[in-house]
Every structure is written in structure tokens, then in C-alpha cells.
Amino acid sequence: MIRINCPYCGERDHSEFSYGGDATINYPSLDASEKEWTRAIFFRKNIKGFQFETWHHSNGCRMWLVVERSTVTHEIKSVKPCHPDLQKVVENNK
Amino acid sequence: MKAKRLDNYGKINRDKILSFRWDKKNYTGFEGDTLASALLANNIGIVGRSFKYHRPRGIFSSGVEESGALVTIGSKDRRDPNVRATTQELYNGLEASGQNAFPNVNFDLGGINNYLGRFFSAGFYYKTFMGIPPFEWGRGTAIWMFFEKFIRKAAGMGSASVLPDPDSYEHAHDFCDLIVVGSGPSGVAAAIEAAEKKLDVILVEQDNLVGGDQLAENDFDNSQIKNQLENLGIKIMTRTTAFGLYDNCVVGLLERVTDHISAPKVNIPRQRFWTIRAKHIIVGAGAIERHIAFNNNDIPGVMTVNASKHYLNRYGVLTGKRIAIATNNDSVYETAQQLSEAGANVTVLDSRTNFEIETNKSFEIRKGCVPYNINGSKKIVSLDISKSENINKSETINCDQVLLSGGWSPAVHLLSHRGVKPKWDYSNACFLPSDSKENITMVGSSRGLWNKNDCIASGIAGTTDALNRLGISKTNYFFPKPGGWKNPIQPLYEVKYKKSRSKSFVDYQHDVTTDDVRLAHREGFISVEHLKRYTTLGMANDQGKMGNIIGLSLMAELLNKEIPEVGTTVFRPPYTPVSIGALSGRNVGKHFRPLRVTPMHQWNIDHGAKMIEVGLYQRPWYYPKENETLSDSCIREASTVRKTVGICDITSLGKIAIQGPDSTEFLNRIYSNSFSKLQVGKARYGIMLRDDGIVMDDGTSWRLAENEYFMTTSTGEAAKVMSWLEELLQTRWTDLNVNVTSVSEQWAGVSVAGPKSREVLNNCVDDSLVVTNNNLPFMGVTSTFLKGNIPCRIARISFSGELAFEVYVKSDFANTMMDLIWENAKKYDGCLYGLEALGALRVEKGHVTAAELDGRVTIDDAGLSKMASTKKSYIGSAMRKRGVLKNNDREILVGFFPTNLKETFNAGTIVCEKNNIKGQGIGRITSVTYSPELGHWIGLGFVKGGLDKWKDTNLVGADPVRNKQMNLKVVSPHMVDPKGERMYA
């Protein structure tokens, strides 16, 4: 079982979270072209090793998180809020 | 075999006699016995029949590795098959029987298979019953399906009860710093060391007593260790198996709570499934003694050496009178001496020629000797032995028992669950655990330590390792070197006697012989993973705990390789079988999934509602009067709504509060239609698309104030929409000042629909002016009070196509609201209506729900192109224009009438052209209802090209599943009041 250290709630089972997806995608603006959107939505790297991915603490504080997880070992290197303002709050409270 | 109970041996409680039944006969045993020890004490040698050949099988071991004594415990709804007699504690009234035998294990008609054995080699069934190529190529599956049921019946284990399980099971959770698996010398030493260093420790032991292999020592005092552990505050969990290790030091445990009790209390679960979250894991799971493959090495009376030591010293049972011990290592000599002291005539055959061992000379040792054949069928008569260098008949010795020790295999299973491959150790002829990067430390004989002092030292070292890894200490430590015997082990896996055709077993439980392994090699199944699947070696309940290494060594020999080059199969959880009941825990029957009810749930039932499940929600389905059927009731309810007024619980809709200065901009981005000009006091129907341009959900948003909206979503998509909005705000549009809050549970909602709905509401609100056509026009919203000063929100929204309102109050006021509106609706001959009538009303109007918006449909497909703004960009606006979504042959929403209006059809019907009824046709029907307004059946669905293409064509509805076919015509989806005159009234 993966355990994720939620910055707000503490370390919890992965069953409290929902997997989001690739956290490194820069979604284009809404008026961007179909081509740009196609790239953002359908093209994914299949990474062996550490990747940044989003998780939603759906059965907890409802925060969206960026989790740095190894796809090989499930080892988690870092967890931080997706929202930059929340990131600052977490940093300041350290 | 001539086993008997000895008076002055064992740790059983002889004051407490327990009676039990074995194969319909009564026997007795003592408290502290296992079923196996009690059977042995009663000199019962045959306890089962083998999987394939139906050969008589006895008790091979004293623990979880048992591959012979698998029995069925209990009867009727508590019948539990394939239980290891060696781990089943005896209780008063225990009922057990042998398996895979008819009429019984002593005389089994299936035994004929043994004589046909040369045909039943590996892969026999598949080769024979898959058909003979090339004549039956392509037909093999059908042939196999026919024969399979007969084969399954002949070859098998016990049969499970088909009745509902009367027992309850529990899931439990715990946390600790350190979990220690196994309470042998190493585990206990590790636990004590850790507890003294102030760690929070859980000690898990699969046996009912702590002590591990020490329980087989005649002078071992179990209670002293238990007290010491308890005094240190260590949580001891006995009868609990750590069946699997998972990521982040999570350990799965199965606690057998009542499996040893004759009449457990009903409020106690049978088993508990534990999830332990630890910071470090120490595994002292011990080692398992291997047997040796030679002819007829499965005759009842064959056992591992260590098992007989357990039976002697723990249970007071001497398992034989004339005992031959075959070995290749030092571990057997203490046992040999104790057996001979207990009165047995013992001969040790040691395959090694040059070694020194100290004994009291009470038994004979034959150096350089191995057994190659057992004589006897249901019991051992004698043993043929030979010189180890050249297998040839030299002598036959009389004996009634043969004990085997082909070396020891450390229990590396749990570490293997974490993907850590064991490494072969030549000097100890076994796989040893490799180091893990995770916080897992192996101690004791599971890291190949054969003497007690080394085990204790390794336990302490293991805890030091844990403390270091946890950052608590920085202490140097070292583990003792693997091994510990005075003389080295000499590898011995098989004694091959070429002049005989008798079977020589590698895996007792699945009847895998040395010849099967050779056959697999001849046929090219040389990878260990192929070998395993082709021969089923190591695939039974015991998962090859005894026989795997023998199979590997044979394959290595055939390939002219060393064992490590051949490799080993990966052990996966569970270590020992886990019952399905424990996995499901309390999540059975009506607790299978959570139940959601609306605040007026009881009110609905009290007013005659029949309920239906919608997702997790219970919603009113229909409100039958007297003898009404579903259909009668639905027609009456829908007609009443169209004629006067009806009220319906719509609380299950998702409700989201959207607040903040950028709320309007936010809604404008997520909905396909524009929200920028929505006035305060108005609501708007909106459609959300996914990034890829497909419809995600539809609903309404009400502008309550400049920066405040109240959004409703469909029942099924409520959670998804909420997560989606949060994702957008937290990951993509972090500059927007918007807050979203789920308020689905906080508001109770009701729909009041029908021409008389305004008059009804007029009587319900404090200020009758608020619901007039002027004050509350179509899509108008107001916050006001129901009579009794109950704050409420009312919007004039229609799903039914009639003049209609949605009224929301705080959930606490749900019943009061229902009473109030229902009292007034009755005055207008109104009704309560359920989901069935709601469905009929919306299908008549061509309003889409989840049945239509199934994740494949675009706005255009749903005929809602007008809802897609051309003046702004929004989620999905770029992608909805991509080529495949713009094809001319997309399926478009239409209505369907049967050509013969008296006919009916069903949702799921495939729409086809008249002379081309095949495949997926040209469309499908998604929703069907009887229309009270039109007086016949109607449907909603999709057809390629839509209404324009098929308006005047006769189509066919094919329903092959229900064996139906009917003529259809395509009509506009707006089948009743297409101009919406009623809605705007």
C-alpha cells in the first residue's frame, strides 16, 4: 500500500486519495489550437523511475497534491500542494 | 506406522480430554493437540488421497508447509475444505473428514488412477482433451469445455460449502514502530531489544503459542517468555499469520479468532484481517525442512525429521516404532537421540561419508547411505537402501516410519513479496535472503542461521539495524554468518533408481513427480516459471514450501547448470491461504457498499414509496396505490403531473456552492454556454465538457448574488464534478479567486411540477407574491421563506416540461417541507411521483440524462448545439471541433416510435436499416417509456445522421438478447410540447 504524506493531514493510506495524472503538463490556454490541446491531453511519457503526478486527497482535506513517486518501487520523494499559495503556507509552517 | 501417545512427554493438558470425529468415527485427544497430533496419537496414518493419482497420503509435517494432511473441517454451512490438520487446533466436537476420496480415504475407488499413472503425466489433460490436431484445429476449446467438468471432479481438493457463510469477519488496523514476524529465538530477541529501546512493538506468531521451533524442545518453558514480552509492553498476536508485505512497511495479517473454539460466541468474528502500518519490519519466519525425492517417498508414515520432534516433545506422540531417518545434514541427530530415548528403534542413513558427530550411541548411523525405495502401499513395510555413490540395491531394512531431512529452506517468502530475489548459498544448499533497501530485516534461521545462539544474536543485530535505519541510533552491528552445523551439508535432492517405474514425488500435494519435471524439460518448458505452470509444481495450498527446491535442482541437473542459474519462482502473497470472508470483512450483504438516503427517506417510505437504488442513493421509484403495478402507478403519476401537480424528492442531485469574485469567470470557462450575462436572481442550464470535447455533465447554476452561485449536478456525476472543479482551481487556474464547497448533504430538494404547481407553492410560502409569473419567471431564482419561517431557495426550473419549481431547504427541515407541500398538493388532487414517472416525463420531452450522456456523446450529438457558445473559449471548445467529432455519420439524438403503436421495445435495442440487420447497426435506443400523454411506447436514442436522414424511413429495432424485433420510425426527440408552452406558462 502506498502511503502519502499529505501536507495538511499527515501520512495516510493511498485509498484516501484519487490518482490524478501527469503533474508536469502545462495546459494551453482555452483559446489555444486543437493541436496544442491534443498534445496536452493525449501525449504521455511512460516513465520508469521518479515522476511527478497529481493526487487528490478526496477522502481527506480535498487538496490536490504533486507527488514525486517512483513507478518502479512506489517510493515517494516529495509531496506538496499543487496550488502555489498553499505551497507557500506549507513552506512557512515548516 | 505405529504411532502412540507417551505418558511422560509433551506439553498437552491431559486433564482436559477433547472428543472429535474423523471420517464419521469418534476419537479423543487432549487440550493442546492439533488435529494432526490427535490423529497420530490414535494411530491414524491415512488422512487423505492425493490430487491426481488418489494415492493414500499421511501427515508429512507439523506446520504450515503441510502438503499431505489437508482435510475438511465442519459441516453444512461451516464446511471448510483444504485445512491443514497440522495447524488446526483440536477442540471439543471438532468434525473433520478426508478429501478427494470415495467412499473414504482408506478405500478409495479413485485409486485406480495410480495404476494408470503413466498416462497422467504433466499436461496430460490438456494434451488429451484439447482435440487432436490437425483434425480438430480451432475446435480445441469446445472439446476441452466438454471434458473439463469431469476432469475437475476427478482431480481436486475438498469442496467448499455453497451455503451463505454464517460467520462474521472483521477488518482491523494498527500502527507500530516495529513489527516482528515470528516468535522463535531470533524474533523474541529482536522484540525484547526493541522494547527496551522504547520502540512500540507488535510480535506476530502464526502458532497459538510463542516460541517457534523451541516448542519442540522438551525443556522449553513457553510461559516465561510470554510473561517477559508482556511485561515489556509488547503486543503479542498469536494465531496470526503475516501473509504479505506491501509498500511502505505495510503488513497484512490474518488473525484466526475462533477457529479453535467449539462454540464461539456469535458476536465474535471468526477471523480478523489486519492492516498494520509499521516503520520497520523484522522477519524471523524460520526455515522449512525439505524432503528427498525417491521411489514411493509419499507412503503414509513418511515425515520430516523436525516434525517428529515436535510431535514427540510438544504433543507427546512417538510417531513410529522402527524409524529410519534419511539425511544429508547434522540437524537430525538430536531428534534421533530423543526418539530412541523415547523408545523407538532408530537408524540414521546419512548420505555423507566423512563426518564426525557426537551421539550417545543409542541408535545406529549408516554413513554414505541413502534410501531409494519404500515398500508398502497404505503403510510402510520396509525401506530399500543403497550406498550413496552408486544407487544399487544393497539392503532392505524393516521399519514403519521414514523421516526425511534434505536440508532446510529459509522462509524468504515475505521478503520475496517485496520483489527482493533470494540468492543461492552453496555451502548451506539453500536460498538466503538478499538485503532490502526498504525497512525490512531478516533474522534467525530465515537468514540461514542453524543454531540458537546465532539466532538470538541476529535478532539483537536486526533491532540495531532497525534503530539505525529509523535514525534513532548509530550503532555498529554484525550478523552471524549463515550456517552453524559442525559438518557441511551435502546436497541431496533426489535418489534416482533407474530400475524402477515407481513414482518419486517432488510436490506431494499436486502429485508432481521427478518424471514430470523431466518431461517438462524434454518438451522445452525449461524456465522455472514455465516448469511451474506446466507441471503445477508449487502451485497448491503449500505453494511449494517443501518441494520447490527439489524441482529446481532437478531442472538444474537436466540443464547442466547450477541452481542459481536456473533461478527460483517469485513468491507472492498470501504466505498461507486467506479466506475470502476475511478479505471482504463486514462488506457483505446490505453492507457491501455504503447506503445513501435523503433526509426525507423515511417520509417517502411512510407515504408509500417503493425505493430503487440510484448509484449509492435510495430514491423513490413509484408510489403505488392499493393494487397498482409499477406501470399503473407510473402512468397515473406522470399523468397527474401533466394534469395538475406532482412532487418528487430530488435531493440526490449534487449541489455545489461557488463563491468569490471570479465565480462568473470560472463558470464561463467550465460551461459551454455563456454565464457572463446571467443576472442575479436567475438560473441557467449549462453543459460541461471534458478536456477532450465530450460531454461530462449537465446541470443548473443559480446566481444568488454578485459573487455567489448555487450549482446543481446530476446525481451520478456529483462527486466527479466536485473533484474536477477543485482540480481546475488548484492546479490550472490558481489565479482565480473562487471557492467551491460541496453542499449536497446540506440542502434537501423537492421538485413541484405541473400546471397547478404555482398555486400549491403560493399556499406554502410566507409571501405569496414571490412566486408569481412576474416575480419568478422561467429560470427565475429567489431566496424566501416557507410557512413557519423556514428559509428556502426556489428556482423555476423544469425537467418534466411542465410549469415547475425546485425548492431547497436546509436538510433539517426536509420533513416539514414535504408535509407542507404535500398537504397543499393534495388539495389540487396532486400526487407524489417517483423516478419511473420522472423518467417518463423527461423522455417525452427529450431531456437527456446519464443514459444518453454516456461519455461518448458530444453536444452536437445530443442535439444541444445551441448550448455551445461561439463567442468565448471554454473547457473542451478546441477539442470538440476535432475531425472525428465532426464526422457526418455521428450518431445524433432522436426520438423513436414503434411503427405499430401497439408494440413495445426496450432500451438497448439496436437500430438497423431494414435489409441490413447486423452488427452495431446504425444506432441504438437508450431510454424507453410508455408515454401517458401520447398513449403508446416511445424511446430516446441515437441514429447515424439523425432525424433529417431517416425522417421518413422505416427502420428495424433488433433486440437479439430478448429475441425481439420491431419496426421503428424516427421522430424528433421533443415528443411532447415541443415548443415548451407549458414550461413558460
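Residues numbered from 1 in each chain as written. Chains lettered and ligands numbered in written order. Predicted model: local features only at pLDDT ≥ 70, side-chain atom pairs only at ≥ 80, totals over all residues.

Here we look at the overall build of chain B
Scanning chain B from N- to C-terminus turns up 23 helices and 49 strands. The C-alpha extent of chain B, read off along each of the three principal axes, is 115 × 75 × 55 Å. Residue burial in chain B is summarised as follows: out of 985 residues, 51% are buried. Long-range pairs, those at least 24 residues apart, make up 66% of the contacts in chain B between residues at least 6 apart in sequence. (Helix = DSSP H or I, 4+ residues; strand = E, 2+ residues; numbered from the N terminus. Buried ≥ 20, exposed ≤ 12 C-beta atoms within 10 Å, placed from the backbone. Contact = placed C-beta atoms within 7 Å.)

Some remarks on the overall build of chain A
When helices and strands are counted, chain A shows 2 helices and 6 strands. Along its sequence from the N terminus, chain A presents helices and strands in the succession β-β-β-α-β-β-β-α. Expressed as lengths along the three principal axes of its C-alpha atoms, the size of chain A is roughly 40 × 30 × 20 Å. Split into buried and exposed, the 94 residues of chain A put 17% on the buried side. Taking the contacts inside chain A whose residues are at least 6 apart along the sequence as the reference set, 46% of them involve residues at least 24 apart.

Brief notes about the interface of chain A and chain B
Contact with chain A, which involves 22 residues of that partner, is made by 23 residues of chain B. Those elements that provide at least two residues to the side of chain A that touches chain B are β3 (18–22), α1 (34–42) and β4 (50–56) of chain A. Of the residues forming the side of chain A that touches chain B, the biggest block, 3 residues, is contributed by α1 of chain A. Across the side of chain A that touches chain B, the residue classes break down as 10 nonpolar, 8 polar and 4 charged. (Nonpolar A, V, L, I, M, F, W, Y, C, P; charged D, E, K, R; others polar.)

Points about the domain arrangement of chain B
Domains assigned within chain B are domain 1 (1–161), domain 2 (167–287 + 409–485), domain 3 (291–406), domain 4 (602–651 + 746–840), domain 5 (654–742) and domain 6 (886–985). Look at where the C-alpha atoms of domain 2 of chain B and domain 4 of chain B centre, and you get two points 62 Å apart. (Domains from an automatic or database assignment.)

Some details on unusual backbone geometry
Residues and elements named next belong to chain B. Following Pro573, the chain continues to Pro574 via a peptide bond in cis, the omega torsion being 0°. Mapping Pro574 onto the fold places it in the loop between α14 (563–566) and α15 (580–584). A positive phi angle, close to 60°, is found at Asn560, a residue other than glycine. As for its position among the elements, Asn560 is in the loop between α13 (548–558) and α14. Positive phi outside glycine occurs at Asp829, with the angle close to 55°. Note that Asp829 resides in the loop between α21 (814–826) and β43 (831–832).

A closer look at the sheet that holds strand β6 (residues 70–73) of chain B
Residues and elements named next belong to chain B. One open sheet holds the 5 strands; their spatial order is β3-β2-β8-β6-β7, and the pairing between them is mixed. Of all the strands in the sheet, the pair left with one neighbour each is β3 (25–31) and β7 (80–84). The average angle at which neighbouring strand axes cross in this sheet is 40°, direction not considered. The sheet contact formed by β6 and strand β8 (residues 94–97) spans 2 bridges and is antiparallel. Bridge pairing in β8 links Ile73 to Ala96. (Pairing = 2+ DSSP bridges. Axes fitted to C-alpha atoms, helices over the stretch in contact; angles between N-to-C directions.)

Some points on the packing of helix α5 (residues 185–196) of chain B against helix α6 (residues 222–231) of chain B
Residues and elements named next belong to chain B. The interhelical angle for the contact between α5 and α6, taken along N-to-C directions, is 25°, at an axis separation of 10 Å. Judged by the inter-axis angle, α5 sits roughly parallel to α6. Considering only the axes of α5 and α6, their crossing is left-handed. Every residue of α6 that contacts α5 at Val188, Ala191 and Ile192 is listed here: Ile225, Gln228 and Leu229. (Parallel < 35°, antiparallel > 145°, perpendicular 65-115°, else oblique. Left-handed = near helix turned anticlockwise from the far one by under 90°.)

Side note on the pairing of strand β36 (residues 695–705) of chain B
Residues and elements named next belong to chain B. Taking burial as the measure, the 11 residues of β36 include 9 buried ones, the bulk of the element. Following strand β35 (residues 683–689), the chain reverses through 5 residues before pairing antiparallel with β36; Gly693 in that reversal takes a positive phi of roughly 90°. Bridging between β36 and strand β37 (residues 708–713) involves 5 bridges; their strand directions are antiparallel. Paired with Trp702 across the bridge in β37 is Phe710. Between β36 and β37, which follow one another and run antiparallel, lie 2 residues.

Examining helix α11 (residues 514–522) of chain B
Residue and element names in this part refer to chain B. Within α11, burial applies to Thr514, Asp516, Val517 and Ala520. For α11, the buried positions fall inside an angular range of 160° around the axis, keeping them on one side. Tucked inside the fold, the buried residues of α11 contact β29 (505–507), β30 (512–513), α12 (528–535) and α13. Where α11 ends, the next residue or the one after it, Gly524, has phi of about 95°, a positive value. (Arc of directions from axis to C-beta.)

Considering the environment of Ser800 of chain B
Tracing the backbone shows Ser800 of chain B in the loop between β41 (790–795) and β42 (804–810). On the neighbour-count criterion, Ser800 of chain B (27 C-beta atoms within 10 Å) is buried.

Let's talk about the confidence of the model for chain B
On average, chain B scores 93 in pLDDT, and the residues at 70 or more come to 96%. The complex prediction reports pTM at 0.90, with the ipTM value standing at 0.98. (pLDDT = per-residue confidence, 0-100.)

Quick notes on the nonpolar core
A general feature of soluble globular proteins is that nonpolar side chains tend to end up buried together. All names here are of chain B. Core analysis: the biggest nonpolar cluster contains 110 residues, and Val750, Val752, Val807, Met817, Ile821 and Ala837 have the highest contact counts within it. The element best represented in this core is helix α19 (residues 718–732), accounting for 7 residues. Residues within four places of Val750 in sequence aside, it is in contact with Ile647, Cys648, Asp649, Ile650, Val807, Met817, Met818 and Ile821. Counting residues in each nonpolar core, the second largest holds 86 residues, with Leu18, Ala293, Cys369 and Ile374 among its members. (Core = buried A, V, L, I, M, F, W, Y, C linked by C-beta atoms within 7 Å.)

Considering the sheet that holds strand β6 (residues 76–81) of chain A
Residue and element names in this part refer to chain A. The strand order β3-β4-β5-β6 describes an open sheet built from 4 strands, whose pairing is antiparallel. Each edge of the open sheet carries a strand with a single partner, namely β3 and β6. Adjacent strand axes in the sheet meet at a mean angle of 30° when their direction is disregarded. As paired strands, β4 and strand β5 (residues 64–70) are joined by 7 bridges and run antiparallel to one another.

A word on the packing of α11 of chain B against α12 of chain B
The geometry of a pair of packed helices is captured by two quantities: the angle between their axes and the separation between those axes. Residue and element names in this part refer to chain B. Look at α11 against α12: their axes get within 10 Å of each other, and the N-to-C directions meet at 120°. Relative to α12, the element α11 lies oblique. Relative to α12, α11 is oriented so that their crossing is right-handed. Along its contact with α11, which presents Asp516, Val517 and Ala520, the element α12 presents Leu531, Tyr534 and Thr535. Among the residues forming the contact of α11 with α12, the class breakdown is 4 nonpolar, 1 polar and 1 charged.

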